[in-house]
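Examination of the molecular architecture
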Amino acid sequence: MASKPIPQPSEASLPYWEACRSHELRIQRCLQCGSLIHYPKLRCPTDGSDQFEWALMSGLGAVHSFVIPRRAFHPGFKDEVPHVIAIVELDEGVRVLTNIVGADPADVRAGMRVTLEWDDNAGEYPLAKFKPIVGGHA
Amino acid sequence: MTLHRKAAVTGIGETKYSKGSGMSDRELQLQAVERAIADAGINRDEIDGIIPSPHGNGFTSEGFNEHLGLKRLAFSATVHFGGANGLTAMHAATMAVASGSARHVLVVAGRNGYSGTKISARPQLLQANFEATREFESPFGATVPMHFYALMAQRMMHLYGTTSRQLGMVAVTERAHALLNDNAIMQAPLSIEEHQQSRMLVDPLHLFDCCIESDGAAAYIVSAADAARDCRNTPTWVLGIAEGHPDSPSSIVTRSDTLRSGIGIAAPYALKMAGITPHDLQAAMLYDPFSFLVILQLEALGYCKTGEGGPFVESGGIALDGALPTNTHGGLLSQAHSVAGINHLCEAVRQLRGTAGKAQVDLSGPVVVTGNGDFGDGAVAVLSNS
């Protein structure tokens with residue numbers, strides 16, 4: 001089976017991926033103005049600072065938008081389609097690209113509440129995926 | 001200084017659009033260039049500025065300089081905004097002739113986007129060129145532009161109740177326009193039922209919501225105001241031109257407003273420079289790699305209120321006899337997609353000259369042209385022959 005694209009950390013993003021190893025979803029935060037920054041950057045887009053911490057997220061959020069590929073455009077996903085690719089807005093306000101797992105794709109809706117579910121089968125770095133909160137609603 | 005009426009499009013040229021040109025990218029580009037120069041009615045050595053295309057295997061400005069035997073190349077630049085290049089190049093060309101650095105700037109793009117490196121081979125390019133996509137998006141299966149644009153479409157449908165039928169009416173209307181155009185690739189009629197029954201590629205986008213891939217090239221010449229009056233055709237004046245670049249130009253996912261991209265940012269600047277309001281527009285050539293982007297742009301331009309673009313399209317608003325005839329050549333959905341949107345510009349010029357053939361609309365005012373590149377860099381031009 002063809003392999004999937006795997007994350008290649010950059011000089012700005014390495015702390016994000018290292019946190020994933022410990023099953024912690026940590027997002028870059030500017031120490032000066034406190035704003036959350038995603039994707040990771042070398043300077044804070046708000047104030048230009050280069051001093052950051054890596055803030056632990058709650059892992060809760062809602063589906064902002066989602067799509068269901070019916071065919072694979074990359075051979076690594078041939079056995080996975082149809083699956084759900086989604087933008088999830090974390091409760092902390094940051095949006096991430098992810099998959100919605102543990103649900104029939106036909107049941108996924110924008111606004112649906114979701115919680116973090118680590119995928120440990122993705123290679124060196126676990127991937128932060130999300131599953132619906134049972135009984136959760138928009 | 002404003003760029004209002006400082007420059008005009010004086011020549012346009014397109015090759016035959018096809019799925020199998022049998023020619024090299026360079027030969028296609030030279031053909032389009034020769035046609036644009038002939039259309040302008042100038043000698044080729046009067047070209048003193050060039051903006052070549054970074055896509056495909058065509059010429060650099062050095063190559064054109066050599067193969068066209070130019071006498072005095074005074075200006076060259078290359079723009080890197082994908083599908084917005086046709087118009088971001090116009091922005092640069094307009095500045096070059098307005099400043100006096102050049103008099104006739106040639107803009108060209110084109111390649112074998114079907115028989116050569118396919119337009120849809122962009123996944124590999126995304127992997128190589130877009131760091132955020134490679135690192136944070138492709139591991140989840142989002143590897144091609146369609147994935148990200150489908151996320152935009154779904155968001156629009158969620159917020160405004162835009163329907164798949166409304167998306168389909170964009171494709172159906174543009175196909176009807178393509179049937180009037182001998183140089184459009186798609187020549188079979190398309191019904192809304194056929195759109196609805198077409199293969200779902202990335203739900204909510206059907207096959208017919210997505211642009212075609214083609215071979216072909218297109219070129220145009222931007223001339224300084226005084227030089228334009230010496231050309232063969234009535235000049236097409238640049239009334240307004242502007243670029244817009246969203247806060248996360250390389251990612252739709254992390255953009256502060258998922259539905260607001262470069263075209264929406266550029267539009268008010270271009271309209272203000274042109275001295276018009278959206279409702280002064282008489283026709284629109286809107287960059288349409290995916291059907292829903294036409295609806296979104298009608299709103300981004302301020303022509304339709306937010307959320308009302310879908311019903312406007314459904315009620316026939318973008319048809320030849322509608323309030324705003326749109327993509328009267330067939331667009332990227334049904335004419336061709338391999339020239340960075342220069343086919344949209346060529347059609348605007350034809351409409352303004354009154355040479356659009358069976359698709360000609362009765363115009364008394366300006367035409368808007370848009371370009372959208374990669375993940376949301378945009379440009380807007382307002383053109384008029386009066």
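Look a little higher up for the structure.
Quick notes on the rules
- Residues numbered from 1 in each chain as written.
- Chains lettered and ligands numbered in written order.
- Predicted model: local features only at pLDDT ≥ 70, side-chain atom pairs only at ≥ 80, totals over all residues.
- Heavy atoms only, no water.
- Helix = DSSP H or I, 4+ residues; strand = E, 2+ residues; numbered from the N terminus.
- Contact = heavy atoms within 4.5 Å.
- 1 Å grid on protein atoms, 1.4 Å probe; cavity = no way out; pocket = protein on both sides within 12 Å on 5 of 7 lines; lining within 4 Å.
- Points joined across faces, edges and corners; volume = space filled by probe spheres on them.
- Pairing = 2+ DSSP bridges.
- Expected span 1.5 Å × (residues − 1).
- Buried < 20%, exposed > 50% of the residue type's maximum accessible area, 1.4 Å probe, protein only.
- Buried area = accessible area lost by both parts, 1.4 Å probe.
- Salt bridge = Lys/Arg side-chain N within 4 Å of Asp/Glu carboxyl O.
- Polar contact = N/O pair within 3.5 Å; in protein donor to acceptor, adjacent residues only side chain to side chain.
- Nonpolar A, V, L, I, M, F, W, Y, C, P; charged D, E, K, R; others polar.

**So, the environment of B:Leu179**
Topologically, B:Leu179 is positioned in the loop between α7 (164-178) and α8 (192-197). Residues in contact with B:Leu179, not counting those within four places in the same chain, are B:Met186, B:Gln187, B:Ala188 and B:Pro189.

**Examining the layout of surface pockets**
The calculated volume of the second largest pocket comes to roughly 700 Å³. If you list the elements that add at least two residues to the lining of the second largest pocket, you get β2 (36-37) of chain A together with α5 (131-137) of chain B. At four residues, α5(B) tops the list of elements feeding residues into the lining of the second largest pocket.

**Considering the sheet that holds strand β11 (residues 377-384) of chain B**
The pairing of strands in a sheet happens through backbone hydrogen bonds and is either parallel or antiparallel. Residue and element names in this part refer to chain B. Spatial strand order, β3-β2-β4-β7-β1-β8-β11-β10-β9: nine strands in an open sheet with mixed pairing. Because the sheet does not close on itself, it has two edges, and the strands there are β3 (75-76) and β9 (283-285). For strand β10 (residues 367-373) and β11, the ladder comprises seven bridges, and the chain directions are antiparallel. Looking across to β11, one finds that Gly 373 is bridged to Asp 377.

**Some remarks on helix α3 (residues 85-98) of chain B**
Residues and elements named next belong to chain B. An ideal rise of 1.5 Å per residue puts 20 Å on 14 residues; α3 measures up with 19 Å between its terminal C-alpha atoms. Counted residue by residue, α3 has 12 buried out of 14 residues, so it is predominantly covered. For α3, the set of buried residues is Asn 85, Gly 86, Leu 87, Thr 88, Ala 89, Met 90, His 91, Ala 92, Ala 93, Thr 94, Ala 96 and Val 97. Backbone geometry just downstream of α3 places Gly 100 in the positive-phi region, at approximately 90°.

**A closer look at the interface of chain A and chain B**
Of the residues lining the interface, 36 residues belong to chain A; the matching set on chain B comes to 33 residues. Together chain A and chain B conceal approximately 3000 Å² of surface at their shared face, both sides included; 65% is due to carbon and sulfur atoms. Here chain A is connected to chain B by one salt bridge. The shortest N-O distance in the salt bridge between A:Arg70 and B:Asp203 comes to 3.0 Å. Here chain A is connected to chain B by 15 residue pairs in polar contact (both at pLDDT 80 or more). The element best represented in the side of chain A that touches chain B is strand β4 (residues 60-69) of chain A, accounting for six residues. In the side of chain A that touches chain B, the residues fall into 22 nonpolar, 10 polar and four charged. One ladder, built from two bridges, connects β4(A) with strand β5 (residues 200-203) of chain B; its direction is antiparallel. Counterpart to A:Ile68 in the pairing with β5(B) is B:Asp203.

**Topic: the pairing of β10(B)**
Residue and element names in this part refer to chain B. Counting buried positions over the seven residues of β10 gives seven, a clear majority of the element. In terms of strand pairing, β9 meets β10 through three bridges, oriented parallel. Within the sheet, the bridge partner assigned to Met 285 lies in β10 and is Val 369. Where β10 folds back on β11, the antiparallel hairpin that results is connected by three residues, among which Asp 374 adopts a positive phi of roughly 50°.

**Remarks on the environment of B:His80**
Within the fold, B:His80 resides in the loop between β3 and α3. As a C-alpha pair, B:His80 and B:Val202 span 122 residues in sequence and 27 Å in three-dimensional space.

**Looking at unusual backbone geometry**
The bulk of non-glycine residues show a negative phi, and the bulk of peptide bonds are trans. Of note, the bond from A:Val81 into A:Pro82 is cis; its omega dihedral lies within 30 degrees of zero at -5°. Omega for the bond connecting B:Asp203 with B:Pro204 falls within 30 degrees of zero, at 20°, which places this linkage in the cis form. With respect to the secondary-structure elements, B:Pro204 resides in the loop between β5 and β6 (205-206). Even without being a glycine, B:Asn327 presents a positive backbone phi close to 45°. Summarising the element assignment, B:Asn327 is placed in the loop between α12 (309-314) and α13 (331-335).

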